[in-house]
Amino acid sequence: QVQLVESGGGLVQAGGSLRLSCAASGSIFSINTMGWYRQAPGKQRELVATMISGGSLNYADSVKGRFTISGDIAKNTVYLQMNSLKPEDTAVYYCSADLSRYKGHIYLKYWGQGTQVTVSS
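All of these numbers come straight from a predicted model, not from anything done at the bench.

Thresholds, definitions, all that
Residues numbered from 1 in each chain as written. Predicted model: local features only at pLDDT ≥ 70, side-chain atom pairs only at ≥ 80, totals over all residues. Heavy atoms only, no water. Helix = DSSP H or I, 4+ residues; strand = E, 2+ residues; numbered from the N terminus. Rg over C-alpha atoms; globule rule 2.2 N^0.38 Å. Buried < 20%, exposed > 50% of the residue type's maximum accessible area, 1.4 Å probe, protein only. Contact = heavy atoms within 4.5 Å. Areas by Shrake-Rupley, 256 points an atom, 1.4 Å probe, with all protein chains shown as cover. Polar contact = N/O pair within 3.5 Å; in protein donor to acceptor, adjacent residues only side chain to side chain. Salt bridge = Lys/Arg side-chain N within 4 Å of Asp/Glu carboxyl O.

Peer 1: Explanation requested: the overall build of the protein chain in the structure shown.
Peer 2: When you go through the protein chain residue by residue, the secondary structure sums to zero helices and 11 strands. N-terminal to C-terminal, the α/β element order of the protein chain is β-β-β-β-β-β-β-β-β-β-β. Whereas a compact globule of 121 residues would reach a radius of gyration of roughly 14 Å, the protein chain reaches 14 Å, a difference of no more than 12%. Taking the principal axes of the C-alpha coordinates as reference, the protein chain spans close to 50 × 25 × 20 Å. Counting only residues that meet the buried cut, the protein chain has 40% of its 121 residues in that class. Within the protein chain, counting contacts between residues at least 6 apart in sequence, those at least 24 apart form 56% of the total. Here the protein chain has roughly 6300 Å² of accessible surface; of this, 49% comes from carbon and sulfur atoms.

Peer 1: Could you clarify how one ought to interpret the environment of Asp61 in this entry?
Peer 2: Take Asp61: it is sitting in the loop between β6 (57–59) and β7 (67–72). By relative accessible area, which is 63% here, Asp61 ends up exposed. There is a polar contact of 3.1 Å between the side chain of Asp61 and the side chain of Lys64.

Peer 1: Just checking my understanding: could you explain the pattern of salt bridges for this structure?
Peer 2: Close approach of charged atoms allows side chains of opposite charge to pair. The tally for this structure, following the rule as stated, stands at five salt bridges. For Lys109, the salt bridge is made with Asp98, and the minimal N-O distance between the two is 2.8 Å. Of this pair, Lys109 sits in strand β10 (residues 108–111) while Asp98 sits in strand β9 (residues 91–100); the two residues are 11 residues apart in sequence, bridging distant segments of the chain. Lys109 gets classed as partly exposed once you look at its relative accessible area, which sits at 36%. Residue Asp98 is classed as buried on the basis of its relative accessible area of 18%.

Here's what the structure looks like:
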């Protein structure tokens, strides 16, 4: 079994900051990518930022320059530092990991339970 546990969401005023944390645990052989997605009410889930083993980072245009993804894939952890938050950043934020549970097994995407981020104007 695999678990991704997020923490760090909450309520903040526009212009404020929050830091999200995520740790993956369980039967994990290898992780290729960890990242963050978000889903606002009535909208589809969208990519926020990803971190690929080897160091490659990817951001949605809407968060570039404001959000920073970091972590250590070898330690199954990823963080999202969110600065200059805007009301439109309000959403449930989900941690994800593309991982293989056994040697030679395919990589599948796993999700955390989500953490609410609310930005007031």
